[in-house]
Amino acid sequence: METTHQQTKDEQFLLKFWGKTDRSSQDASYFHPALFHILDVAHVAVALLDEGCSQRWRNVLADIFGVYPDALQKFIPFYVALHDIGKFSAAFQRQDPLQHQRLLQEGLTFGRSQDIPHAQVSRHFIWHEWPDLIKAAISDKNKLILREVTAGHHGVFSAASDLG
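Let us look at the structure shown here.

Rules used throughout
Residues numbered from 1 in each chain as written. Predicted model: local features only at pLDDT ≥ 70, side-chain atom pairs only at ≥ 80, totals over all residues. Heavy atoms only, no water. Helix = DSSP H or I, 4+ residues; strand = E, 2+ residues; numbered from the N terminus. Buried < 20%, exposed > 50% of the residue type's maximum accessible area, 1.4 Å probe, protein only. Contact = heavy atoms within 4.5 Å. Areas by Shrake-Rupley, 256 points an atom, 1.4 Å probe, with all protein chains shown as cover. Core = buried A, V, L, I, M, F, W, Y, C linked by side-chain atoms within 4.5 Å. Phe/Tyr/Trp six-rings, centres within 6.5 Å; stacked < 30°, edge-to-face > 60°. Lys NZ or Arg CZ within 6 Å of the ring centre and 35° of its normal. Axes fitted to C-alpha atoms, helices over the stretch in contact; angles between N-to-C directions. Parallel < 35°, antiparallel > 145°, perpendicular 65-115°, else oblique. Left-handed = near helix turned anticlockwise from the far one by under 90°. Nonpolar A, V, L, I, M, F, W, Y, C, P; charged D, E, K, R; others polar. Expected span 1.5 Å × (residues − 1). Arc of directions from axis to C-beta.

1. A few points about the overall build of the protein
Working step 1: Across its full length, the protein carries 9 helices and 2 strands.
Working step 2: Each helix and strand of the protein, ordered N terminal to C terminal, gives the series α-β-β-α-α-α-α-α-α-α-α.
Working step 3: Of all 164 residues assigned to the protein, the portion counted as buried reaches 35%.
Working step 4: Taking as baseline every contact in the protein between residues at least 6 positions apart, the subset at least 24 positions apart corresponds to 59%.
Working step 5: Per element, the accessible surface of the protein, about 10,700 Å² overall, is 58% carbon and sulfur.

Here you go:
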């Protein structure tokens, strides 16, 4: 028996945001949605932490996060997925002119937001915008680790004066 999934309006809306695109293409429909990219990297994290992962590496990660090694696969993929939450920002979505135009034609508005790197938007989201309910589920130490790793995921970390 085959089942079909009818996309909700929220799903249709989220799939409009690009995460990866070929800038040499002139086809605005040629992009990889940000949501799919986030899910892709989470699945990679799951695979990297499976039983083939070095026990030494698992122990190092577990020590950093203060958890048992068996718990890593339960939360690290979520952390990894969050690294690009900033790709949903107006600043990122404006970066590709063709994609920006497509989004404008689809009725999205961009306001007057600044051009902030998506890694910094992700960092800000993790530190300031996460609901209090989630804050209770993550230690301040782990939230700090996640914030800073996310901010530097392209190899450029924030200066102390940029932290907030």
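On we go from here.
2. Quick notes on the nonpolar core
Working step 1: Ranked by size, the top nonpolar core spans 13 residues in total, and within it Leu49, Phe65, Leu72, Phe75, Ile76, Tyr79 and Leu146 carry the most contacts.
Working step 2: Every element with two or more residues in this core is listed here: α3 (55-65) and α4 (72-82).
Working step 3: Examining the composition of this core, we find that 5 residues originate from one element, α4, more than from any other.
Working step 4: In this view, isoleucine 76 contacts Leu49 and Phe65; residues no more than four positions away in its chain are not counted.
Working step 5: By size, the runner-up hydrophobic cluster in this structure holds 7 residues, among which are Phe17, Ala34, Phe92 and Leu108.

3. Considering the packing of aromatic side chains
Working step 1: According to the stated counting rule, one finds 6 aromatic pairs in the structure shown.
Working step 2: Here the aromatic residues Phe13, Phe17 and Phe88 are joined through ring pairs into a cluster of three or more.
Working step 3: We note arginine 102 situated over the ring of phenylalanine 31; from NZ or CZ to the ring centre the distance is 4.0 Å.

4. Considerations on the packing of helix α7 (residues 118-129) against helix α9 (residues 140-151)
Working step 1: Where α7 meets α9, the axes come as close as 8 Å, and the angle between the chain directions of the two elements is 170°. By the criterion of interaxial angle, the relationship of α7 to α9 is roughly antiparallel. Viewed along their axes, α7 and α9 form a crossing whose handedness is right-handed. From α7, Ala119, Gln120, Ser122, Arg123, Ile126 and Trp127 reach across to α9, where they touch Lys143, Leu144, Leu146, Arg147, Glu148, Thr150 and Ala151.
Working step 2: Of the residues belonging to the contact of α7 with α9, the class tally is 6 nonpolar, 3 polar and 4 charged.

5. A look at helix α2 (residues 34-48)
Working step 1: When the terminal C-alpha atoms of α2 are compared, their 21 Å separation across 15 residues agrees well with the 21 Å that a helix rising 1.5 Å per residue should span.
Working step 2: For α2, the complete set of buried residues consists of Ala34, His37, Ile38, Val41, Ala42 and Ala45. The buried residues of α2 all sit within an arc of 135° when viewed along its axis, so they share a single face.
Working step 3: Packing partners of the buried residues in α2 comprise β1 (18-21), β2 (31-33) and α4.

6. A word on the environment of phenylalanine 88
Working step 1: When you line up the elements, phenylalanine 88 lands in the loop between α4 and α5 (90-93).
Working step 2: Sequence-wise, phenylalanine 88 and valine 121 are 33 residues apart; in three dimensions their C-alpha atoms are separated by 9.1 Å.
Working step 3: Sequence-distant contacts of phenylalanine 88, that is, excluding residues within four places in its chain, are made with Leu14, Phe17, Ala34, Leu35 and Ile38.

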